[in-house]
Structures are given as C-alpha cells and as structure tokens.
Amino acid sequence: MVLSAVFILDIKGKVLISRNYRGDINMSAIDNFVPLVVDAEDEPPPVVASDGLHFIYIKHNDLYLVGITRKNTNAAAQLVYLHKFRAILEDYFRTLREESIRDNFVLIYELLDETMDFGHPQFTEPSILKEYITQESNALDIITGAVGLGSGIPSQASTPGGPRPPQAVTNAVSWRPEGIRHRKNEVYLDVVESINLLANPDGTVLRSEIIGAIKMRVQLSGMPELRLGLNDKVLFESTGRSTKAKAVELEDVKFHQCVRLSRFDTDRTISFIPPDGEFDLMTYRLNTPVRPLIWVESIVETYSGTRVAYLIKLTGQFRRRSTANSIEVAIPVPDDADTPKFRPAVGSARYAPERGAIIWTIKLLPGGRETALRCSFGLPSVRRAEDIAKRPRPIGVKFEIPYFTTSGLQVRYLKVVERSGYQALPWVRYITKNGDYDIRMAEAVAVAANSESALNNAAAFAEGN
Amino acid sequence: MAVPIPTTSGPTSSRVSPPVRTSAPSMSGSKFFATTKKGEIYEIKADLNGDDRLKIKNAVKKVIANMTIGKDVSSLFPDVIKNMQTDDIELKKLVYLYLMNYAKSQPEIAILAVNTFVKDSEDMSNPLLRALAIRTMGCIRVDRIVDYLSIPLNKTLADPDPYVRKTAVLAVAKMFDINPSLCEAHGYISTLRNIVTTDANPMVVANAVAALTEMNEDSNGTVFQLNQATLNKLLTVLNDANEWGQIVILDALSKYTTTNPREAENICERVLPRVAHANAAVVLTAVRVLLRFAAIMDKHGMEQQLRAVYSKLGPPLASLLSNEPEVQYVALRCIRLILRRLPSAMTQDIRVFFCKYNDTPYVKREKLDIIVRLATEKNVAQVLSELKEYALEADVEFTRHALEAVGHVALRLGPTAAERAVSILMELIRTRVSHVVQDAIVVIKDIFRKYPNRYELVIPTLCDNLESLDEPMARASIIWIIGEYGERIENVTELLTQFLDTFAEDAVVVQLQLLTAVVKVFLKLPSVAKDLVQRVLQLATTASENSDLRDRGYIYWRLLSSDPSAAKSIVLSERAPISLDIDDDLHQAGPALLDDLIANIGNLASVYHVSSASLVDPDKVAPVVFLRQGEGDESVSFGDAGQTPGEGVSPAVGVSAGPSATGTPAAAPKETPMLLDLLSLDDPVLPAAGSSTGGPATTASGLEDLLGLSISSTPAPTASKSPASGGIDDLLGLMSSNPAPAPAAVTSGGSPPHMMMGSMMMGGSPVMAAATPAGQTVVLQSQLGLGLEVAVAFERQTPQDDGARLGLTLTNRSGAPIDGVAISLGKNSFGMAIHPADRALIPAALAPGQQAALTLRVVFGDAESRQRVEPADQLTIGIRSGQRTFTSTAISVPFERILAPTAVADAGPGAAIPAGQYASMWAQVAAGELAHTVGQLPHLGSVARVVEHLNAHRFFVSNTQKSGNLDVISVSVRIGGVLVVLSDIALHPSMTAIKALIRTPAGGVAPLFASALERVMRSI
C-alpha cells in the first residue's frame, strides 16, 4: 500500500513540487504523465499505467495531484489520501490553486512528510496538523479575523524548544487534542438532507435518493462523551418500542471516524468523543422514492425552426406550512440562442450565457403554490430536425426548505457527559435542500407560425392561477 | 507585501514563527525567487555563511525554493549542511529537506550529518526532533549512512513516545529496502514482530504491520505470517487505529489463511462494522476481507452466517458512489468483480448506477457496464428507457456506448428484451440524429444476427436512412442486412446500385461487405441481380488495389461460374449464432483470475482487472532471489517468481484466440489512455467491436471453406481447421485503421503485460536516440559561442577501434566567417584525449553557414592523465574560436562506448579473461561491490544471444554458468589499458530482467558500469 512519489502539477503538467518517498523510481517518470493524461482528449480514468509505473491522480482546480507507484498498491486508499491531502491544503490556504502551491513550498514539503512516510499514509487530520505544522502559510486572499473554529485549541507554537507532536496524532482518539477549554459549552447539530432526483417531463421519477448528513459544530471543553439518539427503526424494533412514532430505516450509514463502529453494530448506539469544531458526524443514504418537492413542468414549442418558446411551471409539492427559500431554476437554452426574452410571474430571471441557461430566482415559495415563467428566443440558423431532437441538458433546481426532513429523521436526544460535569446545550436544526436535482425538458413540439399554440393556452391558464 | 518573519529571540531558545491564524501579514513565498544582478547563488552563499539567523533561514528557504523549481543548487551543499546543527527546529527541517535531495550527489559530506542525526535522536526534550532525525536519516539512500542507521534506530524503536516509535518502525522498512541483510543482522524483523504483539499504541502497531507486510512482499513471505495471537491483536487494534491504520490491518487480514469456519465467522463479525466507515478505502478493503472469509464459511455450508454478511454488502457499496469521481471509479471497477461473484448482491439498487449528466466519462462507462450486468427481465423496460435517454445526450462517445449497451441487454436477456430494444432503437433512428442513427444500425445488425427472421418489418425504416450513413461500420452493417434479407426487400437492386455507385470511395470493410451482399442477393434472386453481380465482381477484381478484396472477388467469380450450387451452400450457409456477454472474458479467464482479483479488491489489480502476479514489481523479483541464494532453496522462491509472469499473461493470450478478443485491435485506438486495459479481459467495447465484425467474419470463414474447395481439390483439413480465427484476423487487419499494439504484445509471449509495454515504449527512449547521429548533444550554443555551435556524441565503436570515437559537428551560425577553431577534451576521469593525428582534421576556419561533421578518434592516456572529476563520467570540451576560448557544458560519457577492444592486457582484440583467472580476480576485488537490477527488458532471447550481444559491446564474457535456475554470465571490461570492472550478471528466467553484481577496484565506476549495462541490455 505505498506510493513511490507524490507530485503536484499545474494544469499543463509542469511539476510544481514533488516528494520522492522511496527512491525506487526515476523522478522524470512524471514526464509520461503529460501525454497520458494532460494531453489526452477525454478525461482518462484516475489510474493509468505506463512503462511499469502506475499513475494515480486527482484533478483539482488548475492542479493535478499525482502519486506514482510500481507496486500493486491499494488504489482506493491512495486516491482517498490524495483527496485528503487536497483538503488539508485547502484548510491551510482556503483556496487551492497554482499560486498557493508556489507560495508555500516549505509548508507543503512539511505536510507531505507528516502525512506520508515512505509512501504509507500516516495522518491526515487538518485541525491537529495545524497544531504542530506551523510554518507560515500564504493564503491567497487576505484573511481577516480569526480563521475557522478552533479558538479553543491551545497552540503549541509558543512552547519552548519548538512544537511537539500532539498526543492526538498517535492516540486512539486521534482527532481531538486534550485540554480544550471553552467558556460556553455548546453543540450545534444540523440535519441536512439533499435530494438527488431525476425525473422525466411526464412526471415519472427515474431516480431519487436522499443523501443525509448530520453536521455538528462542537464547542465543548475537555474530553466529552456524546451519545446521539435518533428515531432509528432498527433500534426501535430491537428494543420493542412501539413504533407509533415514525421511525426511519437507516440502512446505509457512514460515520466519522470518531464514532465507535463496533458499538453501533452491536446495539445501534451512536457514541463518540467528537473533534472540536465542525465536522460531519454521519452521512446516510435512503433509496426511498421521493415525490419531487419542487416540480417543474416544461412546454417547448418551435416555430419553423427559427424561434423557440418555453413555458416553465413551478409547483411546490410540500406541506403548506413550509416554505422553500432561495430557489434557483436553471433552464437550458441553446448556446447560440438569440435575444432570449422572459417574463417570470414571480422572482427575477436573467440570461447567463456562460452557463447556457436562463436563471430564474425566487426568494420564497410556499408549499402548494404554483408559478410560471415564459420565455422565448430566436435561433440564428434553421435547425435540422435532428438537432432539435437532441436532448438538452435537464433543468436544474436549487432550493432549501428549512425545519423539515424528507425522510422524517429526528434527533431524539444528544447526551453530553464530561468529567467536570458541565451542562451543554444542544441546538438542532433540520433542513432539506437540493442535491443533483434535475428534471428533463419536454420534447419540442413544432408549431406552425400562426396556429394557436398549446403554450399560449397553458400560459394563460397559469397566469390566471 | 514582503514583511520579514518576526525576529527570533536569543540563540539558545529560538522560537518558531506563530501559525497562520495569528500571524501578521506573512511573507510571500515568491520573494524567494527574487533575482539580483550579482548572481543569486552568490548572495545566498554569503547569507548562509553569515551570523544572522534570520538571514540564514531565509537563505535556506531560497535554496529550497530554487531546488523545487528545478535549479541545481547542489553547489551550496557544504554551506547549507553546516547549518544543520541548530536548535531552531524549523531551520533544521529545512536543512534536512535539502539534505534528502542532494545527499546522493555528495555522500562524503553527507556522512558528516550522521553525528547530528544521532545526537538529535537522543534529545529527550522533544519527540518531534527525535522522530525527525530517524525519519530523515532513513530517507537518505546512501549506503554509508544506512550503515550507521542502526545506532539511532535501536534507541528510537524503544522510545517512550509513540510518535517516535511509529516513525522508527517505518525506518526499519527503509533500511530493509536498501540493505535487507543488514536489517536481518540487527534482528529488526523480530523486533517489529514483537511490537505488533506487545505495543499498546494503535498507530505504532499499524505501522509495524505496514512495514512487515511490505518486507514480506519483497522476501516471498518469509518475514511475516499472521498467527492466532497476532490475529486477535490486530482485530482489537482495528477499532482504535486511525483510518490509514485500519486499511493496513485490513490488508494484512485479507492475506490470512484459515480453514476453520468459526475463525472465519469471528473475523467477519469483527470486520463487518467497518463497512460503515466514511473512508471509501476502509470500506473496500473491509469488503475484500469479508469476501475472503465468507468463501470459507461457504465451503462449510454456513448459509445463515453467510447471508448475514452478504446482505450487508450492497448498501455500503452503493453509497461509495457518493464519493469523489476518482474514488467512484475504483469502487465501480471493484463492484463489477463483486457482481461476478455475487450476482444478486445489488439487484434492487440498479438505479444508483444510472448516470448523472455531469458524471465524468470514465464513471459513466463503468456505470453503463454495470447497468447491462444488472439488467433483468423485470427491470428491462426501465433500463432500456434510461439507455435511450443517454443515447440522446450531447457526448457522442457516450451515446455510442449507450447504444452498444442496448445491444448487450438485448443479446443477453433474450427475445422479449430484444423486441423492446429494437423498438427503442427504431425510435432513436427516427430522431435522424446522424451519429445515433449510424450506431443504432450497427447494434440492430447484431440483434438481427442473434435473432434472425424476426424483425424484418423494420428494414424499410432502416433503408430510409441510407443517405445519412457515412461511417464505414454503419454502411457495412446496413449492407449486411440488405444482403441477408435481399429477397424480402422490394427495391433491393436499387439500393445496392446506390452503394455500388460510390464503391470506389468506400472503405475496404464496406467494399468487402458489398461484394458479399451482392453475391448473396444474386444467389437468391439470380434474374434480378445478374447485372449487379457482374458489376461488383468487375469492380472488386479490377478497380481495387486491395489484395483481399481482389482475392475474394476472384474466388466468388470462379465459384459462381464453376459450381453455382456449391456457391449457394457456402455463401448462404447457416451462420453460427453469436453470443455476447460483457463479462464473458472474465468468465473465460477462469475462476482463478476472479479469485485473485477479489483477493485484491481496492488494489490496482482490481482496477485494471489483470492478475496481481502481472503487477509484481520486476525490480523486486530478482533481489529476493539473491537474498535467498545462500540458503540453498532458491529454486522454491524463484519458481514462484518465474512462474508469475506467465500466469499473468496466459489468460490474455488464451482469450485473444477466442472470439471476444477479435475485437481487440478494432478497439485499440479508443483505448489509448489505458494500454493495460487492452489486455484486460473485461472490456465492454471488445465484444461489441467483435460482434460488429461478425458479419464479415462469417463470410470470411465461408471463404476459407471455399479456398479448400475450389483451389485445392482435396478437402484440405488444415485450411478448415482454423478458418474462423484466421479469417477474422485477416479481416481485422483490414478493418482497424491502426495496426494495433495488442497482437504485437501477444506475440512477445510469456512476459506480463506491463513488461511488454515497457519494451514497446523503449523504442522511443532517449537512450536509443543517442545511437543516431542526430543524437549529438549541443555543448556550445551558437548564442554563447559567438556564432559557433558545437555538438558531440560518442559513437558506437567499430571492432577495429582501439579507443573511442567522438562524433563532432561544428556549425557556423553567424553571418561572418569564423577562424582559429581548435577543440580539445577537458580533464576527465578516464584520461581521454583526441588522437593527435585527428586533431588536424578539425577545420580551422568555417565560412558562414558552413557545417563540418567529423568523427575523431579518442585515445586513453596513462595514470597521470586521469583526473578525478565529479561525477566520474563528466566531460567538458575546450573550444577555441578566434581569440576566445569557451568551456562547453558538460556531457556524460557513455561508458559502453569507451571500452577497450580486449579484456586482457597485451592480448588481441576480443580476448576475454579466462574463467579460472576471473574467479580469482573476483575474489581479490572485494571492494566497491554494487548490486544493480534491471527489469522490464525486452525479451532477451537466449543466453547465447546475450553473450554475443555483450561481447559485441565489449563487455567481454569470461564464463557462463548455471546457478540454480539462473544463468550467470561473468564479464569484465577495460578502459584505456586498465581493468575497470568485473561483473556477474544473472539472468532472470523470464529473460526480461537481470541483476548484476559489480566489483571494481576503481571507485566510483560501478554506477557508470551499471547504467551502461542497462543501456546495452535494453538495446538487445
């Protein structure tokens, strides 16, 4: 499970920085990477081989992070490592771009050495690394005020004789240093559910899943033991609890490394010593069919191949007490659309040629309400039938619905136990938002220029509403 | 905004600068690149030697920055190293960083660092310092430093601080990598085994396991075997280790063997919770362990426990798809393997594999394959309508794969599915999107072949689209359909005439197909197609330059004129049914390969779908053998190593003779980014491409029969024995625009795939380029030489040459004449000089634009003329032009081109040292021994061939002998009358790797010999 060397390259494949961990490859081997990946026409897979060497790479902004190995290494582990390393750099520099590498050679060398030794990934917890890898970093944008979360973390930079490795690095609890103090002990818990949905224009849902995450912000002193109770169906059934209250079947859960997995496996208890600050405690995925919370209906008409008209209808299909916020609907139009005109019934719309779409934004949409946008544009050249038959990109929708989870997941309790016996207040929020939320466009209907179109009728209907 | 780092305090208690969040605006790293007129290196040097700590630190930072951008700052070595002994840990880290990079170039000075390392490793005030010392020292791959590594290693392995121990444990692996016998001599291997069982810290244990596992791989499994006690320890540590430690431990568990079903059950129980880990690699490696031990439970019929494990695999695997695309890709490749083993693992989850429009192309392709795999009678409607959506997306490549997937589903699931597929394809054809129509027709043709005489009703619609077909495969496919169903198409002659009109412009594959189709239609409807057949035979035999087309034309012609009824029975014969399965290849490769791949889930082998044996690091194979040679059981260890490459490739070779591999060459151009995948047997494109050649292929086999019939009077058993494959190969040769690498790879036989590629790529490597006159190095640029450009290269010696040959090209690139030109060789380690007689050959004057290319003899002087230069093979050339003298940039002398024509003093050319004498000399020259391994060589052929090749390159062979199953060749070389190197070269039985033991009385020459030998062997 080893890498021979790690490289960071710019977008053209030029080496910005590299670390040779094992001395068993020629560092010029990276030259093969450019023809293999950088110059390749479409995006090659993240694992490619050349000349007995294997290149494992990820791409991020204008950078490639590449690992080279000559062994049958654990590709999954190395790809995850590269992503974690990327995350560490982002944590240090906020945005990770070519310049951030050029400005921080010394720090990056240190991080490369600390996170990987002889090609074996070692330790990738950014908050702990920051305690003892304290080279100045040059963030791209000037940072005002304190960064991030850990004002409670004691900095070791001022220890005489230089920094030391925090105990946490090698401890079983490798994510939390000892001796954290907060004046106010508080825990914030956000249950965020993202809806991935793909639907056909006729309303059939092709794919729907709920990706949920419990995000925490922890400001607790000492080494607190936390226990989280959810309305977990399996737990309810095993304890013989009446299932009158709605329970959720959590079949596919992934936990932050702080959660005791073996404990969860035996009695479904979620117990953990949390890291300080923000982290995702768990993620879950539910494959249950979801009714589209926001439904978008489209009618597309073409007039003799030179003019196209859309009618987009938006319906909030969630309970009336709730309200969807910050809705953004991206309606794709052809790249060469000429003078798009649009008339939203509510909210505002603009043409975003860089995205090839009309962006319709609505601040608030109460449940059960319906609204519409009409839009039309010209086409500079007459389309052949086949171009019109080409499926355009789907309509993408962004939204947030607070105080509401689609799955019905609820936090029943969050217990905090610490030796000093302080009281901690948990704050819980629920929110449902879009994930990959796409609804395909209806097929275009050709209309003779002067005939009465269905669209006009429908539009009149929608506006009358 | 360049603000200096806050001043450090007194010399005794230096402080590091505060971390970013509290610091004042920090210095921009770009400042380290600021150049001044006086010469940056000069200034840095001054700063490094000053007293100002701040300046020193910034100077070292500048050095590091320069090092990073590729500038050579090795000249500052002593200046940087002397700052190593500091109590400023930040400065120390910087110096170490520099040291790791340049230690190899200056081992004599680097050795001075040992004291500091040892001292630091004993500094009980700061564990970071101790760990840093041992980590850095292990990274310096200089033999003499490694010799001292044991001093700090002994202490740090028993350090009270786990951070130091976890670092020291890996340093053992570092030492083993460079000098395994030293590592063994100090007993570190058993120390590590002890640490695994006794150390309380999870990270230390995990790193010890990592080190042992790695050493184990490099020593054929003699270092580390899990037993009951260690197993329990690891299962306990699994809960406490960090994510990387968990992966290491799971990896070790996946290699544990047990036959006890209870034990297997216990392991599964303890590992099962890991599938809920957020780190995808932990999940995949855990799944690997689970599948391994589930198999043991399966053998013992533990149905219930087995189901408990299997039922928990599906959801976590599906949720791996919410990771980053790169991780998704690895997960998808592994899921394909798992589905092969457990087809029911994720049937209910097919929708998680539906493509998102913004998925990366490689993820989409993998998803498509899994969708095909998971398609059943039940979900076929859903799957096909999803595939139809993909077929209308904007990405042309993806739409093609989607259409191919429609074909696969139809062929896999049977007639009902095929019916749905045809109707979907017809819908797509009606969209008239050109490339969709063309690809759909290719797919429809496959369905026609599999289910003949079912869907003729759609033919008229297909024929409506004739004019839009411009891709050869699509045209060939529709022509095949027309030929096949000619009697039921009303305007068949009209259609064929249309095609015949453009016969000359069409691709050969279309022409061949048209020829066959017309003949078929003629045999069915002689009256209607009489003129047509005349015309097509005429065109094929007279108007074409393609010999296959002409041959086929002639054969048909003769057949039709001699025996029409025989023609009918041959041309219209029943075609063998085609069957396609995306994973057929994997299936054919046999359960052994699948077992191997499942045992490697998450590893590269499982991503490439090639056997793990074929990924064995070739450089690591040979050393192991040598390590064990003394113990007398090398045959065991080598048996393994020698076999593995063969095993690795056999499935590929086996399948390439079979039907699915016929697609390989056609698919090759698409596969360029991943050559390995060519040989991977699980490529969905292959069967598709294979199938699309199905039409022509059958006619080809008919053709072979025909040859047997009409040309030779006997039934010719040899010809009919291999009709299918022979015919197909021929045809493919025509069809693929690219003379695909795959067949070439197959012919090279028993070496693993990546080795083949190695040899293929070698052709273009710079080493080879040096052989051509064009390979001369410009040592003086015309801009620097006032118009004079000088290029040199050592040329290959001819057998008569006593010394070496230096090719020299002088070019006057200025507009004015150049005179007073003189050339001489600078001081060098070999005492080389230009032959006095040849000096006169150098033209003294060059007209503008004139170029003089000559070859000069180089002679070798006596001991006094030899001057040690660093590196030893460096040579500069003194150039005089007019009143000015220049020193050229240095070139490396290619060692293999300056060798003496004999290995024995005062003997004639070509003489080698007698075997007996060699042995005694070998014993005498104990010093300067170096072991060098070269892997991935082109296949060396035979021992005799290697000997001949070596002799020809003046590596004179004294003796060859067998040692175990190794062939060892003893060679010696001389330079300028002095014996320079003795070497025993062992050939790996695969004949693709060698290992040389090199002994030399002349220090510093061994590495030169090693690289020269490598170049020579590669050129075989």
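The UniProt entry for chain B carries this comment under Subcellular location (unreviewed entry): "Endomembrane system". Within the UniProt record for chain B, the comment given under Sequence similarities (unreviewed entry) is "Belongs to the adaptor complexes large subunit family."

An unreviewed UniProt entry annotates chain A as MHD domain-containing protein originating from Fonticula alba. According to its UniProt record, chain A has this under Subcellular location (unreviewed entry): "Endomembrane system". If you open the UniProt record of chain A and go to Sequence similarities (unreviewed entry), you find "Belongs to the adaptor complexes medium subunit family."

Caption draft 1: Up close: the sheet that holds strand E12 (residues 956-963) of chain B. Residue and element names in this part refer to chain B. Read from one edge of the open sheet, 5 strands run E11-E15-E14-E13-E12, paired in antiparallel fashion. Single-partner strands in this sheet number two, and they are strand E11 (930-934) and E12. The average angle at which neighbouring strand axes cross in this sheet is 20 degrees, direction not considered. Pairing of E11 with strand E15 (residues 994-999), which is carried by 5 bridges, proceeds in the antiparallel orientation. From the neighbouring strand, alanine 931 faces E15, where its bridge partner is leucine 997.

Caption draft 2: The nonpolar core, seen in detail. All names here are of chain B. In terms of nonpolar packing, the biggest core is built from 326 residues, with Val172, Val406 and Val518 touching the most fellow members. Top contributing element to this core by residue count: helix H17 (residues 280-299), with 14 residues. By size, the runner-up hydrophobic cluster in this structure holds 67 residues, among which are Leu810, Ile879, Val893 and Leu982.

Caption draft 3: Representation of the packing of helix H15 (residues 243-253) of chain B against H17 of chain B in the model. Residue and element names in this part refer to chain B. The N-to-C vectors of H15 and H17 enclose an angle of 15 degrees; their axes lie 9 Å apart at closest approach. With respect to their mutual orientation, H15 and H17 come out roughly parallel. The hand of the H15/H17 crossing is left-handed. Note on element contacts: H17 touches H15 through Ala281, Val282, Thr285, Ala286 and Val289, opposite Glu243, Gln246, Ile247, Leu250, Asp251 and Leu253. Here the contact of H15 with H17 is composed, by residue class, of 7 nonpolar, 2 polar and 2 charged.

Caption draft 4: Just the pairing of strand E18 (residues 348-352) of chain A, in detail. Residue and element names in this part refer to chain A. Where E18 and strand E19 (residues 357-366) come together, 5 bridges link them in antiparallel fashion. Residue alanine 349 lies in a different strand from E19, and its bridge partner there is tryptophan 360. Between the antiparallel neighbours E18 and E19 lie 4 residues, among them glycine 356 with a positive phi of about 60 degrees.

Caption draft 5: How the structure looks around unusual backbone geometry. All names here are of chain A. With a phi angle near 35 degrees, threonine 339 is a residue other than glycine that sits in the positive phi range. Summarising the element assignment, threonine 339 is placed in strand E17 (residues 338-344). Residue threonine 339 is classed as exposed on the basis of its 8 C-beta neighbours within 10 Å. Here tyrosine 403, not a glycine, exhibits a phi torsion of approximately 60 degrees, which is positive. Following the sequence through the fold, tyrosine 403 ends up in the loop between strand E21 (395-402) and strand E22 (411-417). Its 11 C-beta neighbours within 10 Å are what place tyrosine 403 among the exposed residues.

Caption draft 6: Layout of helix H21 (residues 361-374) of chain B. The terminal C-alpha atoms of H21 of chain B, which comprises 14 residues, lie 20 Å apart, in line with the 20 Å expected from a rise of 1.5 Å per residue. Within H21 of chain B, 13 of the 14 residues are buried, leaving the element largely enclosed by the surrounding structure.

Caption draft 7: Layout of the environment of isoleucine 479 of chain B. All names here are of chain B. On the secondary structure map, isoleucine 479 appears in helix H27 (residues 472-484). Spatially, the C-alpha atom of isoleucine 479 lies 9.7 Å from that of leucine 466, the residues being 13 residues apart in sequence. With sequence-adjacent residues up to four places away left out, isoleucine 479 is seen in contact with Phe499, Val510, Gln513, Leu514 and Ala517.

Caption draft 8: Looking closely at the sheet that holds strand E11 (residues 252-255) of chain A. All names here are of chain A. Pairing in this open sheet of 9 strands is mixed, and the strands run E11-E13-E9-E8-E23-E21-E16-E19-E18 from one edge to the other. Each edge of the open sheet is held by one strand with a lone partner, namely E11 and E18. The sheet shows a mean angle of 15 degrees between the axes of neighbouring strands, taken without regard to direction. Note that E11 and strand E13 (residues 277-286) share 4 bridges and pair antiparallel.

Caption draft 9: Broad picture of the environment of valine 436 of chain B. Residues and elements named next belong to chain B. Examined against the element boundaries, valine 436 turns out to sit in helix H25 (residues 434-450). On the basis of neighbour counts, which here come to 23 C-beta atoms within 10 Å, the residue valine 436 falls in the buried class. The spacing of valine 436 and valine 396 is 40 residues in sequence and 8.3 Å in space, taken between C-alpha atoms. If we skip the residues at most four places from it in the chain, valine 436 touches Ala391, Thr399, Leu428 and Thr431.

Cut-offs and rules
Residues numbered from 1 in each chain as written. Chains lettered and ligands numbered in written order. Predicted model: local features only at pLDDT ≥ 70, side-chain atom pairs only at ≥ 80, totals over all residues. UniProt positions renumbered as here; feature names shortened; annotations may be inferred. Pairing = 2+ DSSP bridges. Helix = DSSP H or I, 4+ residues; strand = E, 2+ residues; numbered from the N terminus. Axes fitted to C-alpha atoms, helices over the stretch in contact; angles between N-to-C directions. Core = buried A, V, L, I, M, F, W, Y, C linked by C-beta atoms within 7 Å. Buried ≥ 20, exposed ≤ 12 C-beta atoms within 10 Å, placed from the backbone. Parallel < 35°, antiparallel > 145°, perpendicular 65-115°, else oblique. Left-handed = near helix turned anticlockwise from the far one by under 90°. Contact = placed C-beta atoms within 7 Å. Nonpolar A, V, L, I, M, F, W, Y, C, P; charged D, E, K, R; others polar. Expected span 1.5 Å × (residues − 1).

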